[in-house]
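Given next are the chains, with one letter for each unit.
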Amino acid sequence: MRLRRARPPLVVALVALGGGALGCSGDDAAPVTTAPPAAATTTTPTTTTTTPTTTATPTTSSATTTLAPTTTLDPAEVVTTYAEPGSHPVGVTTLTLPTGNPVEVWYPATEGTPVGELTYDVRDFVPPAISDILTGDVPTTFAYAGARDAEVAPGMFPVVLFSHGFSGFRLQSTFLTSHLASWGFVVAAPDHPSRDLANVLGATASGDRASAVAELLATLDLLAAAGDDPTSAFSGHVDVERVVAVGHSAGGGTVLGAAEDPRIDGYVSMASGAALGGGGATATTTAMPSLPDRPSFFIAGSVDGIVPAEERTRPAFEAAPAPSLLWILEGVGHNGFDDFCTFGGGTGIIGVAEASGLSGFLDTQPQLRALGEDGCIPPAVPVERTFPVIRHGVTAWIRATLGIDPAAIGLGAEHAGAHAVPVVVESRA
């Protein structure tokens, strides 16, 4: 979706900085890792649906489920197996596609690498005129532990491709991308000029979905070339035989397209769905497109007002070829899958605007306020509580899908009520 040039810059900024709050639906050799403690495994039923409560028991609609003994395992520990960083220090560098797109790459660094606090400021990804407006004395940065341009750890590491949402940018979900690197993945995220923040604010975002798919696959080509280049820091470290794509919002649509490529082994779609009839939100048909025949994990939030889980994410899960997993996290909104709710004192870009003296304007634009705060304020729970759930879920699913773990850890219906927030779990084998 392209913003009209007639909009005042402030209005455009507030809409766009809402973490993809407008036009962002998803319609649009072995690694060196440390194995986690042994956990209970399950034989996945054909279909499992669980809505956890304090007394609920998972129900199985078909096929017999055989559960491994769990008497010696605390479910709360199982579901946090991958919630904390892994054993690898995180290195980060910036590469460039032949088309000029910056690509951020997070990767496992050598043991003993001195790490510090790396940060990015969301205002660095907006035009100067917009940045000048957002002057409030509230947090606008996201920090994580890492080392820029550190030496890559010995070994070959599977690849995770990340695609940002509308009005996002390559660093938008660093809470997750840097985490995956600590668990032994090379994670690469390109900027998509067709929908990134700078171009949305400049009214130059084309909304071209095909270009975003091409950029994500070009990123895989870039990593493969680096892995084969004896002069590259990644020489001999990139396992392009094991690749997963992860996307948020519009990025969920991008990974659906990328997963048609035979090199992609599976995909994770966060706060997203699938195009209805190929026309996005304005489509008049309810026909669901054919989805890639790859393992998939659809993860959504119960309070997402931008891409409602029941209306958009669940139908995509139901249409996806098996195996497929659906998680709906209680109390998570649209921006619960990016870093944006950490800005503005926990209220997102709206908090930054209010601290900049723009509350009066926001009061006259309730829709803008709602869009910018989606997932950042009640009924959404704080992202500090839900980030670990998302980190564990995505990491565990990727490891199981790529065969690093013999079975998925802490993803099934039997653990739905053990997470920091309740999770509705459905799976199709």
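As the structure is a computational prediction, the values presented were derived from the model and not from experiment.

Novice: Looking at this model, I keep getting lost on the overall build of the chain. Mind explaining?
Specialist: A tally of helices and strands in the chain yields 12 helices and 13 strands. Per-residue burial for the chain yields a buried fraction of 58% across its 429 residues. Summed over all atoms, the accessible surface of the chain reaches about 16,100 Å², with 55% contributed by carbon and sulfur.

Novice: Sorry, what's going on with unusual backbone geometry here?
Specialist: Peptide bonds are mostly trans, and most non-glycine residues show a negative phi. Along the chain, alanine 322 connects to proline 323 via a cis peptide bond; the corresponding omega equals 0°. Among the secondary structure elements, proline 323 is positioned in the loop between helix H8 (309-319) and strand E12 (324-329). With an omega of 15°, the peptide bond between proline 378 and proline 379 qualifies as cis. For proline 379, the location among the structural elements is in the loop between helix H11 (366-373) and helix H12 (383-401). With a phi close to 50°, alanine 271 is a non-glycine residue in the positive phi region. Along the polypeptide, alanine 271 turns up in the loop between strand E10 (266-270) and strand E11 (296-301). A relative accessible area of 0% places alanine 271 in the buried class.

Novice: Looking at this model, I keep getting lost on the pairing of strand E9 (residues 238-248). Mind explaining?
Specialist: Walk down a regular strand and you will see the side chains alternate between the two sheet faces. Among the 11 residues that make up E9, nine are buried, leaving the element largely enclosed by the rest of the structure. In the sheet, strand E7 (residues 157-163) pairs with E9 via seven bridges, with the strands oriented parallel. When the sheet's bridge partners are listed, serine 163 is paired in E9 with glycine 247. Crossover connection from E9 via helix H7 (residues 250-258) to parallel E10: handedness right-handed.

Novice: Before we go on, may I ask you to explain the nonpolar core in this structure?
Specialist: Across soluble globular proteins, you tend to see nonpolar side chains buried next to one another. Val268, Trp327 and Ile398 are the most contacted members of the largest nonpolar core, which has 63 residues in total. Here this core gets eight residues from one element, more than from any other, and that element is H12. Sequence-distant contacts of valine 268, defined by excluding residues within four places in its chain, comprise Val244, Ala245, Val246, Gly247, Val255, Phe297, Ile299, Val394, Trp397 and Ile398. The next biggest cluster of nonpolar side chains, apart from the first, holds 41 residues, and it includes Ala150, Ala258, Ala259 and Ile264.

Novice: Help me understand the confidence of the model for the chain, please; the structure alone is not making it clear to me.
Specialist: The predicted coordinates should not be examined in detail at positions where pLDDT is low. Taken as a whole, the chain shows an average pLDDT of 84; of its residues, 79% reach a score of 70 or greater. Segment residues 1-71: pLDDT under 50, and 183 contacts once partners within four positions in sequence are set aside and those in other chains are kept. Here residues 276-285 scores under 50 on pLDDT; set against residues more than four positions off or in separate chains, the count is 10 contacts.

Novice: Can you walk me through the pattern of salt bridges in this structure?
Specialist: Where side chains of opposite charge bring their charged atoms close, a pairing between them can arise. In total, this model carries 10 salt bridges according to the counting rule given. Residue arginine 263 pairs with aspartate 261 through a salt bridge whose shortest N-O separation is 3.0 Å. Judged by its relative accessible area of 30%, arginine 263 falls in the partly exposed class. Look at aspartate 261 and you get buried, because its relative accessible area is 16%. One salt-bridge network, in which partners are shared between bridges, spans Glu104, Arg148, Arg170 and Asp191.

Novice: I keep staring at the pairing of E7 and nothing clicks. Help me out?
Specialist: Among the seven residues that make up E7, seven are buried, leaving the element largely enclosed by the rest of the structure. Where E7 lies against strand E8 (residues 186-190), three bridges are found, and the strand directions are parallel. Following the sheet pairing, valine 160 is matched in E8 by valine 187. For the crossover from E7 across helix H4 (residues 174-182) to E8, the handedness is right-handed.

Novice: Looking at this structure, I do not really get H7. What am I missing?
Specialist: Note on helix geometry: an α-helix contains 3.6 residues per turn, so any two residues three or four positions apart are oriented the same way. Extensive coverage of H7 is indicated by the burial of eight of its nine residues. Along H7, the residues classified as buried are Ala250, Gly251, Gly252, Gly253, Thr254, Val255, Leu256 and Ala258. Buried residues along H7 sit against E7, helix H6 (209-228), E9 and E10.

Novice: So what exactly am I meant to see when it comes to the packing of H6 against H7 here?
Specialist: Axis angle and axis distance: for two packed helices, these are the angle between their axes and the distance between the axes, and together they describe the pair. Two elements in contact, H6 and H7, have axes separated by 9 Å at closest approach and are oriented at 65°. Considered as vectors, H6 and H7 are oriented roughly perpendicular to each other. In this structure, H6 crosses over H7, and the sense of that crossing is right-handed. Along the contact surface, H6 presents Ala212, Val213, Leu216 and Leu217, while H7 presents Thr254, Val255, Gly257 and Ala258. When grouped by side-chain class, the residues that make up the contact of H6 with H7 number six nonpolar, two polar and no charged.

Conventions and cut-offs
Residues numbered from 1 in each chain as written. Predicted model: local features only at pLDDT ≥ 70, side-chain atom pairs only at ≥ 80, totals over all residues. Heavy atoms only, no water. Helix = DSSP H or I, 4+ residues; strand = E, 2+ residues; numbered from the N terminus. Buried < 20%, exposed > 50% of the residue type's maximum accessible area, 1.4 Å probe, protein only. Areas by Shrake-Rupley, 256 points an atom, 1.4 Å probe, with all protein chains shown as cover. Pairing = 2+ DSSP bridges. Right-handed = clockwise from strand over helix to strand, strands pointing away. Core = buried A, V, L, I, M, F, W, Y, C linked by side-chain atoms within 4.5 Å. Contact = heavy atoms within 4.5 Å. pLDDT = per-residue confidence, 0-100. Salt bridge = Lys/Arg side-chain N within 4 Å of Asp/Glu carboxyl O. Axes fitted to C-alpha atoms, helices over the stretch in contact; angles between N-to-C directions. Parallel < 35°, antiparallel > 145°, perpendicular 65-115°, else oblique. Left-handed = near helix turned anticlockwise from the far one by under 90°. Nonpolar A, V, L, I, M, F, W, Y, C, P; charged D, E, K, R; others polar.

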